[in-house]
Amino acid sequence: MMNSYSQVESTLKEILEVIKPLREDWVMRYKIIDELREVVQSIEGLRGATVEPFGSFVSNLFTRWGDLDISIELPCGSYVSSARKKRKQILLAELLRALRHNGGWESLQFIPHARVPILKIESKWQNISCDISIDNLQGQIKSRFLFWLNEIDGRFRDIVLLVKEWAKANGINNPKTGTFNSYSLSLLVIFHFQTCVPAILPPLKDIYPTNVVNDLTGVRADAERRIAQVCASNIARFRSGGILNQSSLSELFISFIAKFSDINLKASEMGICPFTGQWEYKTSNTRWFPRTYAIFIEDPFEKRENAARAVSQKQLIKISEAFEATHRVLISANLTQRTLLHALVGPQTSRFIVKHSVSYSSCNGGNYLNTHSQVHRAVHSPVQMQQQQYRNTWPPISEMQHQAQKMMPSTSKVQSQLQETRVSSGPRPQHQFQKLTPSVSQAHTWPTISEMQHQAQKMMPSTSKVQSQLKETRVSSGPRPQHQFQKLTPSVSQVKPQFQKAKPESYPSNFATQRRFQLNHNQGQKWRQNSDK
């Protein structure tokens, strides 16, 4: 059995090396958002609106070929906008006409009568699919919560990416066909991390005790700041003690598959509730009406809503069978990489892994994993690189509460200092899409979202500049796989100086001597109820 776990562990890590986004994947999505912004600003009814991403792109839970979720935020002064459904339908129809006239977009599909009206498009850049909605602030705040959970324990992101890839390979990650959407899969991983022993994540009610979407009212910046402060305080308290969960990636993945192998049987009587971190009987939960859903995965940020409402009874059986079949493979004796890849990933991912394994084995004496990891680690998204610059200078949470206000440079200073690194692509709306998501440890003194987005946009080098820099930089670490995903992969030492120029210079001189934030050192904690403290 030990050999089986070892084989699963190494294969899962290889899968992650292929599906995790590279820097060019981030840059490409930013390019798509820039182009969408230009189209939006050309429409009379959308003048002054902003284009803001959310979903897996913001929470950093997307794979290389993941979709892009976009919210067009209508101008409403400083207040939370709440356009009626009819107006959203009209505006999306206008956007559809503009995109058709503009060209460069494919597979345009307008779904006006969905619960949230959506315009689906496909970009000419790598055929990335985009779902566009209007005033989807709820989606944005949910994405931010998932980002915070991602920072509590890095294994959360890894398992989410692996589960998404596995679900797609087994045909159970498509709400159009009556199976899971990606959000409900993320909630299943949250629930798994809450119910493993010792627990890695707390019940989400211990992070935010009420319905989040109900608190998104009034002045937007104030509402977001209140939510962030509550979450930061509770997460800091939970992380301060408890029993470490030291499960490996393979142990967490295998136990996830095992936990839901009989999901069709449990789902008939019980629902999954990440808010309380428990299975709950449908008959005793007055929130869950109607009870006709095949499976109920409660949205912890919008309670009463079923995140898995698209799942049909027929497809739930298929979902359960996929869990069961995969579990049998994972616990079988004499596992091979070929058998695992067939069960866990699609043909595209499998081909890359097999090809690279052979290439690295011949070039590096079989030392595939270490070499491949070095190549992948040398490539980070612009967002990750900027975050790391700030992370290296973040003090502990306790000190942040007392010192953050003094350490945080004012908006005017940041704007003047970063003037030279502004993206030179013409006039832009007042607050840009979010390119720099702060850690939860910064939430106590968050500037407004518009300020963060505006500052982050200036810090981001233009696409043309990135492309020219990438052409001049190469990873000089010997042979590497020749495939389209790693054509331009500069090393950390090569890329870091390019972004250091964008770092604000108004931080105190003692910032560099503060204790660094090391996420990898926290491999999960056992969360306890408030009464247990």
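Residues numbered from 1 in each chain as written. Predicted model: local features only at pLDDT ≥ 70, side-chain atom pairs only at ≥ 80, totals over all residues. Heavy atoms only, no water.

1. Things to note about unusual backbone geometry
Where we set the bar: Each helix corresponds to a stretch of at least 4 residues labelled H or I by DSSP, and each strand to a stretch of at least 2 residues labelled E; elements are numbered beginning at the N terminus.
Along the chain, Val197 connects to Pro198 via a cis peptide bond; the corresponding omega equals -10°. Looking at the secondary structure, you find Pro198 in the loop between helix 7 (182–195) and helix 8 (220–239). The backbone phi angle of Ser107 is positive, close to 50°, even though this residue is not glycine. You can see Ser107 is positioned in strand 3 (residues 105–111). Even without being a glycine, Asn127 presents a positive backbone phi close to 55°.

2. Some points on the pattern of salt bridges
Selection rule: The working definition used for a salt bridge is a side-chain nitrogen of Lys or Arg within 4 Å of a carboxyl oxygen of Asp or Glu. The classification of residues rests on relative accessible area computed with a 1.4 Å probe and restricted to protein chains. Under 20% of the type maximum is buried, over 50% is exposed, and intermediate values are partly exposed.
Applying the stated criterion across every chain yields a total of 18 salt bridges. The partner of Glu44 in a salt bridge is Arg47, and the shortest N-O contact between them spans 3.7 Å. Residue Glu224 pairs with Arg144 through a salt bridge whose shortest N-O separation is 3.7 Å. Linking Glu224 in helix 8 with Arg144 in helix 5 (residues 137–152), this pair joins segments that are 80 residues apart in sequence. One exposure class covers both Glu224 and Arg144, and it is buried.

3. Re helix 4 (residues 85–102)
Note the cut-off: Expected span, for any helix, means 1.5 Å times one less than how many residues it has. Residue contacts are defined here by distance: any two heavy atoms, one from each residue, within 4.5 Å place the two residues in contact.
In this model helix 4 runs 25 Å from its N-terminal to its C-terminal C-alpha over 18 residues, within 8% of the 26 Å that 1.5 Å per residue would give. Check the buried side of helix 4 and you find it contacts helix 2 (23–41), strand 2 (68–73), strand 3, strand 4 (118–123) and strand 5 (129–134). One or two residues past the end of helix 4 sits Gly103, with phi positive at roughly 80°.

4. Side note on the confidence of the model for the chain
Keep this limit in mind: Per-residue confidence from the prediction method is given by pLDDT, with values spanning 0 to 100.
Taken as a whole, the chain shows an average pLDDT of 75; of its residues, 66% reach a score of 70 or greater. The secondary structure element of the chain with the lowest average pLDDT is helix 14 (residues 368–377), at 35, and the one with the highest is helix 7, at 98. Across residues 358–533, confidence stays below pLDDT 50; counting only partners more than four residues off in sequence or on other chains, it has 306 contacts.

5. Notes on the pairing of strand 4
Filter applied, for reference: DSSP-based pairing: two strands are paired if at least 2 bridges between them are found.
The buried fraction of strand 4 is high, at five of six residues. With five bridges connecting them, strand 3 and strand 4 associate as antiparallel partners. Bridging across to strand 4, Glu106 finds its partner in Glu122. Counted between consecutive antiparallel strands, the loop separating strand 3 from strand 4 contains six residues. By the bridge criterion, four bridges tie strand 4 to strand 5 in an arrangement that is antiparallel. Looking at the pairing, Leu119 lines up with Ile132 of strand 5. Between the antiparallel neighbours strand 4 and strand 5 lie five residues, among them Gln126 with a positive phi of about 60°.

6. Re the packing of aromatic side chains
Quick note on the threshold: Between rings of Phe, Tyr and Trp, where Trp is taken as its six-membered ring, a pair exists when centres lie within 6.5 Å; planes separated by under 30 degrees are stacked, by over 60 edge-to-face, and by other angles tilted. Each ring is checked for a lysine NZ or an arginine CZ that lies within 6 Å of its centre and within 35 degrees of its normal; such an atom marks a charge sitting over the ring.
All chains considered together, the criterion is met by 16 aromatic pairs. With a centroid separation of 5.2 Å and an interplanar angle of 65°, the aromatic rings of Phe256 and Phe260 are classed as edge-to-face. Like Phe260, Phe256 is buried. Between Tyr293 and Phe296 the ring centres are 5.8 Å apart and the planes differ by 70°, which places this aromatic pair in the edge-to-face class. The exposure class assigned to Phe296 is buried, which follows from its relative accessible area of 2%. Grouping aromatic residues by their ring pairs yields a cluster made of Trp166, Phe191, Phe256, Phe260, Trp279 and Phe323. The ring of Phe238 has Arg237 lying over it, and the distance from NZ or CZ to the ring centre is 4.7 Å. The residue whose ring lies beneath Lys303 is Phe275, and the NZ or CZ to ring-centre distance is 4.0 Å.

7. What to know about the packing of helix 11 (residues 313–330) against helix 12 (residues 337–344)
We count it as follows: All axes here are fitted lines through C-alpha atoms, helices being fitted over the stretch that makes contact, and every angle between N-to-C directions spans 0 to 180 degrees. Throughout this description, any angle smaller than 35 degrees is read as roughly parallel, any larger than 145 degrees as roughly antiparallel, any in the 65 to 115 degree range as roughly perpendicular, and the remainder as oblique. Here a crossing is called left-handed whenever its near helix is offset anticlockwise from the far helix by less than a right angle, and right-handed whenever the offset is clockwise. Side-chain classes follow a simple rule in which Ala, Val, Leu, Ile, Met, Phe, Trp, Tyr, Cys and Pro form the nonpolar group, Asp, Glu, Lys and Arg form the charged group, and the remainder, Gly included, forms the polar group.
Contact geometry for helix 11 and helix 12: axes closest at 10 Å, N-to-C directions at 165°. Judged by the angle between their axes, helix 11 and helix 12 are roughly antiparallel. Regarding helix 11 and helix 12, the two cross each other, and that crossing is left-handed. Contacts from Thr326, Val329 and Leu330 of helix 11 reach helix 12 at Thr339, Leu340, Ala343 and Leu344. A breakdown of the residues in the contact of helix 11 with helix 12 according to their chemical character gives five nonpolar, two polar and no charged.

8. Overview of the environment of Ile19
Looking at the element boundaries, Ile19 is found in helix 1 (residues 2–19). Note: C-alpha distance between Ile19 and Leu161 (142 residues apart in sequence) is 7.7 Å. Setting aside its immediate chain neighbours within four residues, Ile19 contacts Thr63, Arg64, Trp65, Leu161, Leu162, Glu165 and Thr349.

9. Some thoughts on the packing of helix 7 against helix 9 (residues 249–259)
At a closest axis distance of 10 Å, the pairing of helix 7 and helix 9 adopts a crossing angle of 105°. Taken together, the axes of helix 7 and helix 9 lie roughly perpendicular to each other. Within the contact between the two elements, helix 7 uses Leu188, Val189, His192, Phe193 and Thr195 and helix 9 uses Leu252, Ser255, Phe256 and Lys259. By residue class, the composition of the contact of helix 7 with helix 9 is five nonpolar, three polar and one charged.

10. Topic: the side chain of Arg29
Basically, it comes down to this: Counting rule applied: Lys, Arg positive; Asp, Glu negative; His and chain ends not counted.
Looking at the element boundaries, Arg29 is found in helix 2. Among buried charged residues, Arg29 stands out as having no salt bridge; its nearest opposite-charge side chain is Asp25, 4.5 Å away. Leave out the neighbours within four places in its chain, and Arg29 touches Phe57, Phe62, Thr63, Arg64, Trp65, Gly66, Leu68 and Ile128.

11. Observations regarding the nonpolar core
The cut-off we apply is this: Here, the term nonpolar core denotes a set of buried Ala, Val, Leu, Ile, Met, Phe, Trp, Tyr and Cys residues that are joined through side-chain atoms within 4.5 Å.
Counting residues in each nonpolar core, the largest one holds 76 residues, and the members touching the most others are Phe145, Phe156, Phe180 and Phe253. In this structure, Phe253 is in contact with Leu12, Ile159, Leu162, Val163, Trp166, Leu330 and Leu344, ignoring residues within four places of it in sequence. Membership of the second largest hydrophobic core comes to 32 residues, among which are Val51, Leu68, Leu96 and Ala98.

12. Thoughts on the sheet that holds strand 2
In spatial order, the strands read 1-2-5-4-3; together these five strands make up an open sheet with mixed pairing. With one partner strand each, in any of the chains shown, strand 1 (50–54) and strand 3 form the two edges of the open sheet. Direction aside, the axes of adjacent strands within the sheet are offset by 25° on average. Sheet strands in contact with helix 2 are strand 1, strand 2, strand 3, strand 4 and strand 5, and its direction is about 30° off that of strand 2. Here helix 4 sits on the sheet and contacts strand 2, strand 3, strand 4 and strand 5; the angle it forms with strand 3, its principal contact strand, is near 165°.

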